[in-house]
Amino acid sequence: MCGIVGVTGNDNAVKILLNGLEKLEYRGYDSAGIYVNDQKGQDYLVKTKGRISELRSKVTPDVHGSTGIGHTRWATHGVVSVANAHPHFSNDDRFYLVHNGVIDNFQELKAKYLSDVPFRSQTDTEVVVQLIDKFAIEDNLDAKAAFLKTLSLLKGSSYAFLMMDREQPDTLFVAKNKSPLLIGVGDGFNVVCSDALAMLKETHNFLELMDGEVVTITPDKVAIQDADGNAVERKPFHVDMNADETDKGTYPFYMLKEVDEQPNVMRKLAQTYLSEHGEPQIDDKLIAAMEAADRLYIVGAGTSYHAGLVGKRLFENLAHIPTEVHVSSEFAYEQPMLSKKPFFIFLTQSGETADSREVLVNVNDAGYPSLTITNVQNSTLSREATYTLLLHAGPEIAVASTKAYTAQIALEAILAKALGEATGQIVAQNFNIRQQLGLVATGMQAIVDEKDTLEQLSNDYLMKSNKAFYIGRGIDHAVSLEAALKLKEISYVQAEGFASGELKHGTIALIEKGTPVIGFITQAKTAGLTRSNLQETMARGAKTLTIVRESLAIEGDNLILPDVDEMLMPLLSVVPAQLLAYYTSLNKGLDVDKPRNLAKSVTVE
Ligand code: M6R
């Protein structure tokens, strides 16, 4: 959950590293650093606590070079400090290393091999760089051999390393296991990055790396060696994304831009996956594999898990196939009893979430078919699943996921429609998904145009309280969970998403005078019941707010949502919740895009 960048053979190395790190800040932003070497005997190490902007301010004009490495950190081992920031270096100043991931046996390695070595930091990374140095000296190994020997001793669920050796100052050494790392191929130079986003200004051609490979990169050569020591030839793939798409333009925060992009994402999904007449255009083999299953298992984390809860309703209603939804970090280690013919659907915006990947590894070992629904082409979960469907939502940079959630639900609806048609479900045949997604896009636009109202509601309901409830039943409950997560993660209000009927079984004791309780009422069957549950909280002093589908609205409701098919109402009802969270965070003066303690891509278990 850190970001790594590297470059060799470019006199603008410092600029490339800093720009790249800025693009990777979503992966971690508690400390950062760069190391550059100018090939003429000058090298520089600059590290800081805080964001890349702090690092920039510490990089003085004399810092220059043509080869270098950089890192933005989300702390795992050791507190946030300059000493714990990367790059880490060996005590003789020869090797410099940046690292993403966790080395489980670093304490054992330290005790076994490095008991006489003084350490500057509390990190597992420093153990690795000191070990490389030790093997280079004591076993008289060159940098690559010492790197390989060290790698062979490491136990870690996932890691990625990028190393430099002052004795070969134009060379980058790279290795990874499960953690994402790409090599970008430039004209006379090469780059390394955790995510192609970081280097789109430099190149659109990237090489993916496989676990166990070790790569040596010089300005004009990328030499890949597999785990058995064989040379590997690999062609770069083209990343078809404009570098501007990763900028926030005139928006104050990425989150607001991404909320506003949702109507277009709906249209893009319809264009990509539906014919002019609305027939789903999904790979026949994928549909056949899903048809052959007796149960779907949706696996995801956080917001993606919440999108899966809505997906369950879609698959069960439209395709009539039993569907379970699981939190990936739980499923990985407490696997439930599976049906005879399971089919797995991984929902993951980033395609890199370690918890979800752990489940996929087990699924692959067991030989079950799987689909990854992701926003990131060529991401780990995309490569490793049997099938992939892309969300086409454009880069999502804000830590709080918004457009990926709605894109996941819309794509689940398209897939459920395709599957339902294949299995001859009348309800699927009658479900005009193209028309519905059009209505959703228009409805979303109407909601995002009501920003002033939502800012006012945030002021009236959420700014003065340190707790809040979102409640609803069925898929309104699923949206409540997502709404509460949004509010928690960016505004630090203690929020709960709750099944409204369950409140009276204990949790209603928390309601006191002025507690904000926000009710979602979008489903005809449960509208009256949720209203009663809201009344129960009002009777105990709650300050209630309703988010209601137009055809179910009554006098006094606060926010009225346009009508679309009930199954797709989460696509609309979540949008005001996203904006309520946004304005609460904004008006508290918080960093909306980079909330405390979090990172966008969670590549540790
Ligand atoms: O990339 P993924 O969809 O697999 O990420 C899963 C969660 O970490 C993510 O959805 C997280 O909950 C969001 N930051 C919430 O806004």
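Residues numbered from 1 in each chain as written. Predicted model: local features only at pLDDT ≥ 70, side-chain atom pairs only at ≥ 80, totals over all residues. Heavy atoms only, no water.

**So, empty space enclosed by the protein**
Defined as follows: Cavities and pockets were defined on a 1 Å grid built from protein atoms only: a cavity is a group of points that admits a 1.4 Å probe but offers it no way out, a pocket is an open group of points flanked by protein on both sides within 12 Å along at least five of seven lines, and a lining residue is one with an atom within 4 Å of any such point. Grid points are joined across faces, edges and corners, and a volume is the space filled by probe spheres set on the points. Helix and strand assignments follow DSSP, with helices taken as H or I runs no shorter than four residues and strands as E runs no shorter than two, numbered in order from the N terminus. Under this grouping Gly is polar, as are all residues other than the nonpolar Ala, Val, Leu, Ile, Met, Phe, Trp, Tyr, Cys and Pro and the charged Asp, Glu, Lys and Arg.
Applying the stated criterion to the full structure yields 2 cavities of 30 Å³ or more. Considered as a void within the structure, the largest cavity measures approximately 90 Å³ in volume. Around the largest cavity, the lining is made up of 11 residues, and of these Ser158, Lys178, Ala354, Arg357 and Thr603 lie nearest the centre. By residue number, the principal contributor to the lining of the largest cavity is helix 11 (residues 354-366), which donates 3 residues. Residues that form the lining of the largest cavity fall into these classes: 2 nonpolar, 4 polar and 5 charged. Taken as a whole, the second largest cavity holds about 60 Å³ of empty space. Around the second largest cavity, the lining residues are Cys2, Arg73, Thr76, His77, His86, His99, Gly101, Thr123, Asp124 and Thr125. Only strand 6 (95-102) and helix 4 (124-138) provide two or more residues apiece to the lining of the second largest cavity.

**Re the packing of aromatic side chains**
For any pair of aromatic rings, the description consists of the separation of the ring centres together with the inter-plane angle of the planes. Short version of the rule: Pairing of aromatic side chains requires ring centres within 6.5 Å, counting the rings of Phe and Tyr and the six-membered ring of Trp. Pairs whose planes differ by under 30 degrees are stacked, by over 60 edge-to-face, and all others tilted. Throughout this description, buried means an accessible area under 20% of the type-specific maximum (1.4 Å probe, protein chains only), exposed means over 50%, and partly exposed covers the range between. Only Lys NZ and Arg CZ are tested; either one counts as a charge over a ring when it is within 6 Å of the ring centre and within 35 degrees of the ring normal.
Overall, the coordinates contain 13 aromatic pairs when judged by the stated rule. Summarising the aromatic geometry, the rings of Phe253 and Tyr582 are spaced 6.4 Å apart at their centres and angled 75° between planes, so their arrangement reads as edge-to-face. Here Phe253, found in the loop between strand 15 (237-238) and helix 6 (254-260), pairs with Tyr582, found in helix 19 (residues 569-587); they are 329 residues apart in sequence, far enough to count as distant. Assessed through its relative accessible area of 17%, Phe253 is described here as buried. What makes Tyr582 buried here is its relative accessible area of 1%. Its guanidinium or amino end placed over the ring of Phe119, Lys110 lies 4.4 Å from that ring's centre, counting from NZ or CZ.

**Things to note about the domain arrangement of the protein chain**
Heads up, the condition is: Domain boundaries shown here were taken from an automatic or database domain assignment.
With domains assigned, the protein chain is organised as domain 1 (3-89 + 160-241), domain 2 (253-446) and domain 3 (450-590). Each of domain 1 and domain 3 was reduced to a C-alpha centroid, and the two centroids are 44 Å apart.

**A closer look at the sheet that holds strand 19 (residues 370-374)**
Going by this rule: Two strands form a pair only when DSSP identifies at least two bridges running between them. Each axis is a line fitted through C-alpha atoms, and for a helix only the stretch in contact is used; angles between axes span 0 to 180 degrees, taken between their N-to-C directions. By the convention used here, residues are in contact when the closest approach between their heavy atoms is within 4.5 Å.
If you walk across this open sheet you meet the 5 strands as 17-16-18-19-20, and the pairing is parallel. For this open sheet the edge positions go to strand 17 (323-327) and strand 20 (387-390), each flanked by a neighbour on one side alone. If you compare each strand with its neighbour and ignore which way they point, the axes differ by 20° on average. The pairing of strand 16 (residues 295-300) with strand 18 (residues 342-348) spans 5 bridges and is classified as parallel. When the bridges of strand 18 are listed, Ile298 appears paired with Ile345. Contacting strand 16, strand 18 and strand 19, helix 11 crosses the sheet at an angle of about 155° to strand 18.

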